[in-house]
Amino acid sequence: MAKTATPKNDSSATIGFEAKLWLTADKLRNNMDAGEYKHVVLGLIFLKYISDTFAEQRAKLLAGQGDYAGANPEDPDEYKAENVFWVPAEARWSHLQANAKQAAIGKLVDDAMVAIERDNPRLKGVLPKDYARPALDKHRLGELIDLIGTIGLGDRENRARDILGRVYEYFLGRFASAEGKRGGEFYTPQCVDKLLVFMLAPYKGRVYDPCNGSGGLFVQSEKFIEAHGGKLGDIAIYGQESNPTTWKLALMNLAIRGIEGDLGKYAADTFRNDLHPDLKADYILANFPFNVSDWFRKDDDVRWKYGLPPKGNANFGWIQHIVHHLAPDGMAGFVSANGAMSSNQSGEGDIRRALIEADLVDCMVALPGQLFYSTQIPVCLWFLAKNKAADAKRGFRDRRQYTLFIDARKLGTLIDRVHRELTDADLEKIAATYHAWRGNGLSSSPRDGEGRGAGAAPYADIPGFCKSATTAEIAAHGHVLTPGRYVGAEEIEDDGDPFEEKMPRLVAELHAQFAESAKLELAIKANLKGLGYGLE
């Protein structure tokens, strides 16, 4: 298979200081609800980051050397010109840490957040401002401020190491685990985010997530671009989120990384109020909430081109919303519950058939269980393409009337008793299979195009793992898209023994095991009889 360049995965199973920070911070939580504590901690981490970045820029201005000669360190424009948030004196970390032991520390933090929003319009209405509430233990808040103060987050060295990003992603994951379903509703595991991004390879263009949660798919897209020689700004980001608190979390997540994005001016339900009605995106990435029964549906909605989705399940509402917003050559990758691949209830089978007959389904991937904090429902990935015709510019071969099926259920590694992660090798295996299948070898490197690249191994079906199926084959299976139906059984390596020799040996082994079983049964009965529990 072609080798797909992928960044190294800082697995949450092997992370170092982030875990120590979490364990220490979690002890300070006391009995506070994880959903509440999440915003206390992440708000402070955000504040520390922008304060560090500001302090570094301020030091340069105070030194007044080179390009900074004659600069005024108290001029907000000197910071904004360098894409650094202006932090007023009352909001600087040094001021807060100096007062961390004061009873009024909660109000001081709230005042700091208000001041930052006042002087940075991009953050208006985004930051948490409820640190003064009586339920928040001010002594523990002070300890948390002291703890976070020991970590460098926003200076140049730590920005290069993405310390803040690692802490933020790690904490989001741990909060999702602590909160269970409620926290996991907006959190997609990093390995799934990465897989969606690696497979779609969104180098340039408009990227859209209609239910963006905390913004993880946007972050992974930017990381992918930078890892492949691109730069921030090569993609234009559009998103929407219905939960106001999560919407703010996403804005902070993007802001700390310097990522510009249009997530709408407010949180809104994507079905009830589409904030980007005219958007036609080059790439759509999404992890929409599964099997939602209480959702807003307008029967004559222009988005229902392939059939009216049932009121009792929004899955095909989300899928058709995604198709509606694709550009003529656009591609989409999203997570879905497995049921959408085979359900025939309430017209869902008819909608799926219409999508298949329109030749929109490019690839289906069955994922292993236990990847998500929020659900144990088996999930899969769908990849749609508006145009499957050959595209020399992007290195795509003609894939019309074909769909690739990948069964990745046996991949992944358990990181604890109930959670599994896809490793870098797993991600590469899946993504490389897809790229080899859709590519035609025209591109000289992954960066020059999106095919498998010149010199890469050609695609081949692998029993038990992947299969390229025709639309006619899919129709013969009742338009069911479950990969297991197509990939078949994994080939078992032949041990080379002729049947006429193997069978007598196996029968002899079986008789020996029967005899041993009989001996054990007699021994157990004798022991029970000695204890006064003889069996008749």
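The paragraphs below set out a description of the structure included in this document. This one's a predicted model, so the numbers in the text were calculated from it and none came from an experiment.

### Quick notes on the pattern of salt bridges
- Under the criterion given, the structure shown has 25 salt bridges.
- In this structure, the salt-bridge partner of Arg 206 is Asp 282, at a minimum N-O distance of 3.6 Å. With Arg 206 in strand β1 (residues 205-209) and Asp 282 in strand β4 (residues 281-287), this pair connects stretches of sequence that are 76 residues apart.
- What makes Arg 206 partly exposed here is its relative accessible area of 32%.
- Close ionic contact of Asp 362 with Arg 399 constitutes a salt bridge, the shortest N to O distance being 3.0 Å. You can see Asp 362 sitting in strand β6 (residues 361-366) and its partner Arg 399 sitting in the loop between β7 (379-385) and β8 (402-407), a full 37 residues away along the chain.
- Since its relative accessible area comes to 0%, Asp 362 is described here as buried.
- Overlapping salt bridges bring together Arg 58, Glu 74 and Arg 92 as one network.

### What about the pairing of β4?
- Counting buried residues in β4 gives six out of seven residues, a clear majority hidden from the surface.
- Sheet topology note: the β1/β4 ladder contains two bridges and is parallel. By the bridge assignment for β4, Tyr 208 is matched with Ile 284.
- Both β4 and strand β5 (residues 326-337) contribute to a ladder of six bridges, which runs parallel. The partner of Ile 284 across the bridge, within β5, is Ala 332.
- For the handedness criterion, the β-α-β arrangement of β4, helix α13 (residues 315-324) and β5 is classed as right-handed.

### A few points about the packing of aromatic side chains
- One pass over the full model with this rule turns up 15 aromatic pairs.
- Ring centres 6.3 Å apart and planes at 85° place the aromatic pair Phe 316 and Trp 382 in the edge-to-face group. Placement of the pair is Phe 316 in helix α13 and Trp 382 in strand β7, with a sequence separation of 66 residues. We note that Phe 316, like Trp 382, is buried.
- An angle of 35° between the planes, with centres 5.5 Å apart, marks the rings of Phe 383 and Tyr 434 as tilted. Of this pair, Phe 383 sits in strand β7 while Tyr 434 sits in helix α15 (residues 424-438); the two residues are 51 residues apart in sequence, bridging distant segments of the chain.
- You can call Phe 383 buried: its relative accessible area is 0%.
- On the accessibility criterion, Tyr 434 (0% relative accessible area) is buried.

Criteria and cut-off values
- Residues numbered from 1 in each chain as written.
- Predicted model: local features only at pLDDT ≥ 70, side-chain atom pairs only at ≥ 80, totals over all residues.
- Heavy atoms only, no water.
- Salt bridge = Lys/Arg side-chain N within 4 Å of Asp/Glu carboxyl O.
- Helix = DSSP H or I, 4+ residues; strand = E, 2+ residues; numbered from the N terminus.
- Buried < 20%, exposed > 50% of the residue type's maximum accessible area, 1.4 Å probe, protein only.
- Pairing = 2+ DSSP bridges.
- Right-handed = clockwise from strand over helix to strand, strands pointing away.
- Phe/Tyr/Trp six-rings, centres within 6.5 Å; stacked < 30°, edge-to-face > 60°.

That is the geometry; function is a separate question.
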